[in-house]
Amino acid sequence: MTAHASAVPVPPAARPGSVLGRLTRTELRLFVREKAGPAFAIALPLALLTVFGNIPYYHRHRIGGSTLLELYVPILASFVLATLSFNWVPAAMAGYREKGVLRRLRTTPVGPARVLAAQLLVSLATAAVAVAAVLLVARLSFGVPLPRQAAGYLAGLVLAALALMAIGLFVAAVSPNGRVANAVGATLFYVMMFSAGLFLPIAAMPPLLRHISRAAPLGAAAQALTDATQGHWPHALQLLTLAGYAVVFGAAAVRSFRWE
Amino acid sequence: MPAVIEVRNLHKRYGPHVAVDDVSFAVEQGEIFGILGPNGAGKTTTVECVEGLRTPDRGEIDVLGLDPRRDRAELTQRLGVQLQDGQLPDRLRVGEALRLYGSFYRRPADPAALADALGLAGAQRTPYAALSGGQKQRLSIALALIGSPEVAVLDELTTGLDPQARRDTWDLIQDVRARGVTILLVTHFMAEAERLCDRVAVIDGGRVVALDSPAALAERVQGGQRIRFRPSVPFEDALLTDLPDVTGLTRQGDVVVVTGTDNALGAVTSVLARHDIAADHLRVEQAGLEDAFVALTGGDEKTRRRRTP
C-alpha cells in the first residue's frame, strides 16, 4: 500500500481560485471555438447597429427628443444580454448535463458547480465586451452620445444581467435535454426581445403594452438602460423588477437543478 | 491485509424498483476485482454507491477508510472513476482535457506519459468530437488515472474497442495494478473478467450469487469438458454414455457432442480406438467462466425476460 493511504491528514486540494481560473479559461476557449456564440453575442448586435446607423430615417425620426437610433442602442445592449442568457447559457448547461460532463466532474475533487460558474463568468465577460463594443461603435461611427448617467447604466446592466442569467439558468435546470433548452430559450428570446422594443421601441408602444413590457425582465432592462442613457438614474421600479427576477429565478434554478 | 473497499448489505431502490437488493463484498489491496452480471443486475448502481454518486438506502460502504458520501472531498482525490456515459465537451482537445483534469488533483500523473501509454499521443490536439469510439474510451480511462488514484473504478472498460485495442487496454490495466492500484472492474464481458480479475462477484437480481476466482467459478460448473467429433462409422450412443466420465451425448447432424468430466476425453478416445472408430475434426472445449455465468444467472437476457415479464 502506498504511504499516504492510511488516515494521515491531507493538505487541502488545489486552491479553488486557480481551478476556477483554469476552468474559466477553458470555457472561454470552447466558447470562442463554438463560433456561433460569439457571432450572436457580439457580431450580430454590431451588424444591426451598422444597418440601423446607415438608414437616414433612424437619425431623422425622433420620439420624445431622442433619435430612433439613440433609442435602439440600449435595446441592442439588452439584445446582447438576452442572446447570451437565452440562446447560449441554457443550451450549453443542459448540454453538459445531457452529455455527462457534469456527472464526470462529480467524480473529481472539483465538482460540477465550478464549471457552471465558469460558464457564467464567460457569458458575463462576453456581455461586457459586446455592450462596450455597441456603445463605442455607436459613439464613434454614428455620433450617438455615451450614456449620460454612467453609474445608473452600470447598475441597470448588472441587475439586468443577473436577472436574465437567472432565467437562463432556470431554463437549463428544468429542461430535460439540450434540445428542449435550446427551443425554450429561443422562444423566450423572441418574446423578450419584443418586450424590450426591438420591433417597436417601448416609448412608441400603446400604454397597456408599454406597462406590460416594463414589467417583463427584458423590458425593464431596456427601460432602465434607456433612462440612464438619457441622463436619469433608472426608475426604482425597474431596478426592483430586475432584482426580483434575479432572486426568484436564481433561487428556483438552484433548487431545481439536477446534475444528471 | 485490510480491505480497500468494503460493501456490507447494500440496498438501493428507485421508487418501487429494487436496483440492488443485498450486496456485500470486500476488495483487497492490489486486487483486480470484477463485478459481473447481466444487464439490469445492479452492477452500475453498486459502483455508483461506492463512488459516492448515489446514497444507499441501507448498508455500509467503506472505501480507503472513508465514507463515500461524507468524505467526498478526500475520496475523489484518491479514487479514479471511469464512467460508462461520461462524455466531454465536443471542442475540448485531448491534451487540454488531460491537463485540465490533472490540475484538479494533488498528485497528478504526467499527462504526456499517460497519453502515450493509452495510445493517444498522436491525438493530443484532436477535439473530443473528432475522436473515434475507441479513442474516447481510452481518454475516459486516462481521465480515471490522471489523479494517480489508489483505487480505480472502471465501468465497462473495453466496450467499443476493437480486439487489438482491447488487448492493449488489458495490458495497461495490468501495468496499473502492478504499480499498486486496486481496481474494481464492472463488466459483462467474460473473456475480460477471466483474463484480468483475481476475483469476481457475480451479481444477479440485485444480489451476489457467487464470489470466487474466475477459475474456481468455472470449475463449479458440471460438464467440465465438451468433446465434438465426426465419427468415421456410425455407433450406438450407449457405447459412450455407459462410460462413468460421460454425462451426456447429443448429435448435431453427423457431429457428436459428448459432455463429461475432466477425464472424459481419455475415456472416450480409448473406447473409440478399441472399436476402430476414427474421430475426425476432434475438438475439446473446457467449460469456462461463461458457462459458469450462464449457470449462475440462469441464462441469457432473452430467457430472463421471458421468466420475469
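The shown structure was predicted, so the numbers you read here are calculated from the model rather than taken from an experiment.

A.B. asks: What is the right way to look at unusual backbone geometry in this model?
C.D. replies: Negative phi values dominate among residues other than glycine, just as trans dominates among peptide bonds. With a phi angle near 65 degrees, lysine 35 of chain A is a residue other than glycine that sits in the positive phi range. Mapping lysine 35 of chain A onto the fold places it in the loop between helix 1 (16-34) and helix 2 (36-53). According to the relative accessible area criterion, lysine 35 of chain A is exposed, its value standing at 59%. Positive phi outside glycine occurs at aspartate 276 of chain B, with the angle close to 55 degrees. Assignment of secondary structure puts aspartate 276 of chain B in the loop between helix 10 (264-274) and strand 13 (279-286).

A.B. asks: What is the right way to look at the UniProt feature "transmembrane region" (unreviewed entry) in chain A in this model?
C.D. replies: Under the UniProt annotation, "transmembrane region" (unreviewed entry) lies at residues 39-59, 71-94, 115-138, 150-173, 180-204 and 235-254 of chain A. Split by type, residues 39-59 of chain A is 90% helix and 0% strand. Its first and last C-alpha atoms lie 26 Å apart.

A.B. asks: Got a minute to help me understand the domain arrangement of chain B in this structure?
C.D. replies: Reports of interface size often rely on the accessible area that becomes lost once the parts have come together. Entries for chain B in the domain assignment read domain 1 (3-215) and domain 2 (222-286). If you average the C-alpha positions of domain 1 of chain B and of domain 2 of chain B, the two centres end up 43 Å apart.

A.B. asks: Explain the packing of helix 2 of chain A against helix 4 (residues 68-99) of chain A to me, please; I cannot follow it from the model alone.
C.D. replies: Packed helix pairs are characterised by how far apart their axes lie and by the angle those axes make with each other. All names here are of chain A. Interhelical geometry of helix 2 versus helix 4 gives an angle of 160 degrees and a closest axis separation of 9 Å. Relative to helix 4, the element helix 2 lies roughly antiparallel. Considering only the axes of helix 2 and helix 4, their crossing is right-handed. Of helix 4, the residues touching helix 2 (which contributes Gly37, Phe40, Ala41, Leu44, Pro45, Leu48, Leu49, Phe52 and Gly53) are Leu69, Tyr72, Val73, Leu76, Phe79, Val80, Thr83, Leu84 and Trp88. Tallied by class, residues from the contact of helix 2 with helix 4 come to 15 nonpolar, 3 polar and no charged.

A.B. asks: Just to check I follow, could you spell out empty space enclosed by the protein for this structure?
C.D. replies: The method is simple in principle: a probe with the dimensions of a water molecule rolls over the atoms, and the space it marks as empty is what remains. The tally for this structure, following the rule as stated, stands at 3 cavities of 30 Å³ or more. Quantified by volume, the largest cavity comes out at close to 70 Å³. Along its surface, the largest cavity is lined by 13 residues, and Glu27 and Val115 of chain A together with Pro89, Leu100 and Tyr101 of chain B are the ones closest to its centre. The element contributing the most residues to the lining of the largest cavity is helix 1 of chain A, with 4 residues.

A.B. asks: What should I look at first to understand the layout of surface pockets in this one?
C.D. replies: Residue and element names in this part refer to chain A. The computed volume of the largest pocket comes to approximately 620 Å³. Residue lining of the largest pocket: 28 residues in total, with Glu34, Asn87, Trp88, Ala91 and Ala92 positioned closest to the centre. At the level of elements, helix 1, helix 2, helix 4 and helix 8 (178-196) are the ones that each hand at least two residues to the lining of the largest pocket. For the lining of the largest pocket, the element with the most residues is helix 4, which contributes 10 residues. Grouping the amino acids of the lining of the largest pocket by side-chain chemistry returns 14 nonpolar, 7 polar and 7 charged.

A.B. asks: Help me out: how do you make sense of the pattern of salt bridges in this one?
C.D. replies: If you walk through the whole model with that rule in mind, you get 22 salt bridges over all chains. With its nearest N and O atoms 3.2 Å apart, the salt bridge here joins glutamate 34 of chain A to arginine 91 of chain B. One end of the pair, glutamate 34 of chain A, is in helix 1; the other, arginine 91 of chain B, is in the loop between strand 5 (79-82) and helix 3 (94-102), on a second chain. Arginine 8 of chain B is the partner of glutamate 6 of chain B in a salt bridge, and the nearest nitrogen-oxygen pair spans 3.2 Å. For arginine 8 of chain B, a relative accessible area of 32% translates into the label partly exposed. Several salt bridges converge on common partners, so that one network encompasses Arg103 of chain A together with Glu48, Arg54 and Asp85 of chain B.

A.B. asks: What's the story with a nonpolar patch on the surface in this structure? I'm lost.
C.D. replies: All names here are of chain A. Together, Tyr190, Phe194, Phe199 and Leu200 make up an exposed nonpolar region whose accessible area comes to about 410 Å². You can see tyrosine 190 is positioned in helix 8. A relative accessible area of 54% means that tyrosine 190 is categorised as exposed.

A.B. asks: Just checking my understanding: could you explain the sheet that holds strand 10 (residues 225-231) of chain B for this structure?
C.D. replies: To summarise the sheet geometry, strands pair through backbone hydrogen bonds and adopt either a parallel or an antiparallel arrangement. Residue and element names in this part refer to chain B. Pairing within the open sheet is antiparallel, and its 4 strands lie in the order 11-12-10-13. At either end of the open sheet lies a strand with only one pairing partner, and these are strand 11 (246-252) and strand 13. When strand polarity is set aside, the average angle formed by the axes of neighbouring strands in this sheet is 20 degrees. Its contacts with the sheet place helix 10 against strand 10, strand 11, strand 12 (255-260) and strand 13, and it is angled at close to 20 degrees to strand 10.

A.B. asks: Would you take a moment to explain the interface of chain A and chain B for this structure?
C.D. replies: In this assembly, 30 residues from chain A lie in contact with 36 residues from chain B. In total, chain A and chain B occlude about 3,100 Å² of area from one another, counting both sides; carbon and sulfur atoms represent 53% of this. Taken together, chain A and chain B are joined by 13 residue pairs in polar contact (both at pLDDT 80 or more). Secondary-structure elements contributing two or more residues to the side of chain A that touches chain B are helix 1, helix 4 and helix 5 (101-106) of chain A. Of all the elements, helix 1 of chain A adds the most residues to the side of chain A that touches chain B, at 8 residues. The class makeup of the residues in the side of chain A that touches chain B is 14 nonpolar, 7 polar and 9 charged.

Calculation criteria
- Residues numbered from 1 in each chain as written.
- Chains lettered and ligands numbered in written order.
- Predicted model: local features only at pLDDT ≥ 70, side-chain atom pairs only at ≥ 80, totals over all residues.
- Heavy atoms only, no water.
- Helix = DSSP H or I, 4+ residues; strand = E, 2+ residues; numbered from the N terminus.
- Buried < 20%, exposed > 50% of the residue type's maximum accessible area, 1.4 Å probe, protein only.
- UniProt positions renumbered as here; feature names shortened; annotations may be inferred.
- Domains from an automatic or database assignment.
- Axes fitted to C-alpha atoms, helices over the stretch in contact; angles between N-to-C directions.
- Parallel < 35°, antiparallel > 145°, perpendicular 65-115°, else oblique.
- Left-handed = near helix turned anticlockwise from the far one by under 90°.
- Contact = heavy atoms within 4.5 Å.
- Nonpolar A, V, L, I, M, F, W, Y, C, P; charged D, E, K, R; others polar.
- 1 Å grid on protein atoms, 1.4 Å probe; cavity = no way out; pocket = protein on both sides within 12 Å on 5 of 7 lines; lining within 4 Å.
- Points joined across faces, edges and corners; volume = space filled by probe spheres on them.
- Salt bridge = Lys/Arg side-chain N within 4 Å of Asp/Glu carboxyl O.
- Patch = residues over 30% accessible without salt bridge, like charges linked within 9 Å, V, L, I, M, F, W, Y side chains within 5 Å.
- Areas by Shrake-Rupley, 256 points an atom, 1.4 Å probe, with all protein chains shown as cover.
- Pairing = 2+ DSSP bridges.
- Buried area = accessible area lost by both parts, 1.4 Å probe.
- Polar contact = N/O pair within 3.5 Å; in protein donor to acceptor, adjacent residues only side chain to side chain.

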